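Per-entry structural report
What follows is each chain in one-letter form.
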Amino acid sequence: MIQRRNILAGAAGLAAAPLAAPAVHAQGTGWPNNPVRLVVPFAAGGPTDIPARLLADELSKTLPQRVIVENRTGAGVVVGSDVVAKAPKDGQTLLYTTIAHSTLRSIFPRLPFDPIADFTPVALTGVIPMVVVVNKDLSVNNLQEFIALLKANPGKYDYGSTGNGAALHLASELFLRQAGGLRVNHVPYRGEAAAMPDLLNGTIAMMVSIANFALPFVTRGEVKGLAVTSAQRIPQLPDLPTVQEAGVPGYEAYTWHMVMAPSGTPEPLVRQINEVVNKVMAMESVKQRLSDLTLTTRSDTTPATAKAFLDAEIAKWEPIIKAAGIKAD
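Keep in mind that this is a model prediction, so the values were computed, not measured.

1. Things to note about the confidence of the model for the protein
Averaged over every residue, the pLDDT of the protein is 90; residues scoring 70 or more account for 91%. This stretch, residues 1–27, has a pLDDT under 50; its non-local contacts, to residues over four places away or in other chains, come to 45 contacts.

Below you can see the structure in the form of structure tokens.
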């Protein structure tokens, strides 16, 4: 319920004040000549859907055709991604996806598409840090004390996530591995709102939580925030160190958002879509609204750098998934 209120509040905020932007008309490619489908492989109203709808609304103001969000859920992100993989290569159907895309090849033994070969990254639109939070009654006050507690009690404690292979699961496993191969039991839940009550009552000891969701619990003292997963501290919790600062060198984890097109979409069209997406993500009003959701916008990526980012994420998470034996639910 708490998560739903946060999401609805964010959605209301996004809808409350229309943004003004200069018109950007397609040149050369004739794109778009029909309404554009922006496929989101997550449910409407969720933390991925809200930024996607903001992007779609602003693109609709700058392009000669509307951009319409289409929520296609099922089998994680597989169903929605498959829609885009098989769509015409004309820029009229795009995918708005997350870190989940980088794990598909490792987690699913069979897929109806190739998550690398069948997609062209267009633009990385933003990254979202997470927060390492623990039950408030644990006798630890910082990350090093927590690591020492886990080392002294291998297998005694549990941590929660939003499901096998989800961003919170991956970030947790990366932390446990880089902090010295800590043994903590994984308990998957159907969303952070389902996991948080068990963290509050001590059923689980730890969770790596999306910053926007964790923020009110940390500020009210209902859980202990030990560190943020980003390379830099976040403005919403300026006194909380990064995991690196707290003594785990090289640790860095985010969930992220990216726009993709079907593979084979002509390069000039991919560059054109990249340019209009970057213009929206560079708008100060857009950056502020998404900052309120702890999403740091990116407006500087090219299709090439977006692909390099995706390739790096795949290379980063595949060995973690293999070592942890993570499979799809």
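Text resumes after the structure shown.
2. So, the layout of surface pockets
Empty space among the atoms can be located by rolling a probe the size of a water molecule over them. The computed volume of the second largest pocket comes to approximately 230 Å³. Forming the boundary of the second largest pocket are 13 residues, of which Pro129, Arg233, Ile234, Pro235 and Thr296 lie nearest the centre. In the lining of the second largest pocket, the residues fall into six nonpolar, six polar and one charged.

3. Looking at the packing of aromatic side chains
If you walk through the whole model with that rule in mind, you get four aromatic pairs. Between phenylalanine 113 and phenylalanine 119, the ring centres sit 5.5 Å apart and the planes meet at 85 degrees, which makes this aromatic pair edge-to-face. Grouping residues by exposure puts phenylalanine 113 and phenylalanine 119 together as buried. An angle of 85 degrees between the planes, with centres 5.5 Å apart, marks the rings of tryptophan 256 and phenylalanine 309 as edge-to-face. With tryptophan 256 in strand 9 (residues 254–262) and phenylalanine 309 in helix 11 (residues 303–324), this pair connects stretches of sequence that are 53 residues apart. Using a relative accessible area of 0% as the deciding quantity, one classes tryptophan 256 as buried. Across from the ring centre of phenylalanine 217, 5.2 Å away, lies the NZ or CZ of arginine 220, which sits over that ring.

4. Some details on the pairing of strand 7 (residues 206–210)
Most of strand 7 is tucked away: five of the five residues are buried. Inspection of the sheet shows strand 4 (residues 119–135) paired to strand 7 by five bridges, in the antiparallel sense. Its bridge partner being in strand 7, valine 133 is matched across the sheet by methionine 207. Here two bridges tie strand 5 (residues 158–161) to strand 7, and the two strands are oriented parallel to one another. Note on strand 7: the bridge partner recorded for glycine 160 is methionine 207.

5. Topic: helix 7 (residues 192–201)
Here helix 7 has its buried residues at Glu192, Ala195, Met196 and Leu199. All buried residues of helix 7 project into a common sector of 110 degrees when viewed along the axis, lining one side.

6. Description of the nonpolar core
Note that soluble globular proteins tend to have their nonpolar side chains buried in a common cluster. One finds Leu38, Leu55, Leu143, Phe146 and Phe175 to be the most contacted residues of the largest nonpolar core, which totals 91 residues. It is strand 4 that contributes the most residues to this core, nine residues altogether. For leucine 55, the contacting residues outside a window of four places in its chain are Leu38, Tyr96, Val259, Val277, Val280 and Met281.

7. Points about the side chain of threonine 103
Mapped onto the elements of the fold, threonine 103 is located in the loop between strand 3 (93–98) and helix 4 (104–107). By relative accessible area, threonine 103 is classed as buried at 4%. Aside from chain neighbours lying at most four places away, what touches threonine 103 is Gly165, Leu170 and Ile321.

8. Thoughts on the packing of helix 6 (residues 167–178) against helix 11
Look at helix 6 against helix 11: their axes get within 10 Å of each other, and the N-to-C directions meet at 80 degrees. Overall, the two elements helix 6 and helix 11 adopt an arrangement that is roughly perpendicular. Across the interface between the two elements, Leu170, Ala171, Glu173, Leu174 and Arg177 of helix 6 pack against Lys316, Trp317, Pro319, Ile320, Ile321, Ala323 and Ala324 of helix 11.

9. Remarks on the environment of arginine 220
Looking at the secondary structure, you find arginine 220 in the loop between helix 8 (211–219) and strand 8 (223–228). The class for arginine 220 is partly exposed, based on a relative accessible area of 49%. A polar contact of 3.1 Å, which involves the side chain of arginine 220, links it to the side chain of glutamate 222.

10. Some words on the pattern of salt bridges
With the rule as written, the count across this model stands at 13 salt bridges. Salt-bridge contacts for aspartate 82 lead to lysine 86; the nearest nitrogen and oxygen are separated by 2.4 Å. By relative accessible area, which is 53% here, lysine 86 ends up exposed. We note a salt bridge from glutamate 267 to arginine 271, for which the minimum N-O separation is 3.8 Å. Here glutamate 267 pairs with arginine 271, and both are found in helix 9 (residues 267–281), just four residues apart, close to one helical turn. By relative accessible area, glutamate 267 is classed as exposed at 59%. Where salt bridges share partners, they join Arg37, Glu70 and Arg72 into one cluster.

11. Examining the pairing of strand 6 (residues 185–188)
With four bridges connecting them, strand 5 and strand 6 associate as parallel partners. Considered in strand 6, the bridge of glycine 160 is made with valine 187. As for the winding sense of the linkage, the β-α-β connection from strand 5 through helix 6 to strand 6 is right-handed.

Thresholds applied
- Residues numbered from 1 in each chain as written.
- Predicted model: local features only at pLDDT ≥ 70, side-chain atom pairs only at ≥ 80, totals over all residues.
- Heavy atoms only, no water.
- pLDDT = per-residue confidence, 0-100.
- Contact = heavy atoms within 4.5 Å.
- 1 Å grid on protein atoms, 1.4 Å probe; cavity = no way out; pocket = protein on both sides within 12 Å on 5 of 7 lines; lining within 4 Å.
- Points joined across faces, edges and corners; volume = space filled by probe spheres on them.
- Nonpolar A, V, L, I, M, F, W, Y, C, P; charged D, E, K, R; others polar.
- Phe/Tyr/Trp six-rings, centres within 6.5 Å; stacked < 30°, edge-to-face > 60°.
- Buried < 20%, exposed > 50% of the residue type's maximum accessible area, 1.4 Å probe, protein only.
- Helix = DSSP H or I, 4+ residues; strand = E, 2+ residues; numbered from the N terminus.
- Lys NZ or Arg CZ within 6 Å of the ring centre and 35° of its normal.
- Pairing = 2+ DSSP bridges.
- Arc of directions from axis to C-beta.
- Core = buried A, V, L, I, M, F, W, Y, C linked by side-chain atoms within 4.5 Å.
- Axes fitted to C-alpha atoms, helices over the stretch in contact; angles between N-to-C directions.
- Parallel < 35°, antiparallel > 145°, perpendicular 65-115°, else oblique.
- Polar contact = N/O pair within 3.5 Å; in protein donor to acceptor, adjacent residues only side chain to side chain.
- Salt bridge = Lys/Arg side-chain N within 4 Å of Asp/Glu carboxyl O.
- Right-handed = clockwise from strand over helix to strand, strands pointing away.

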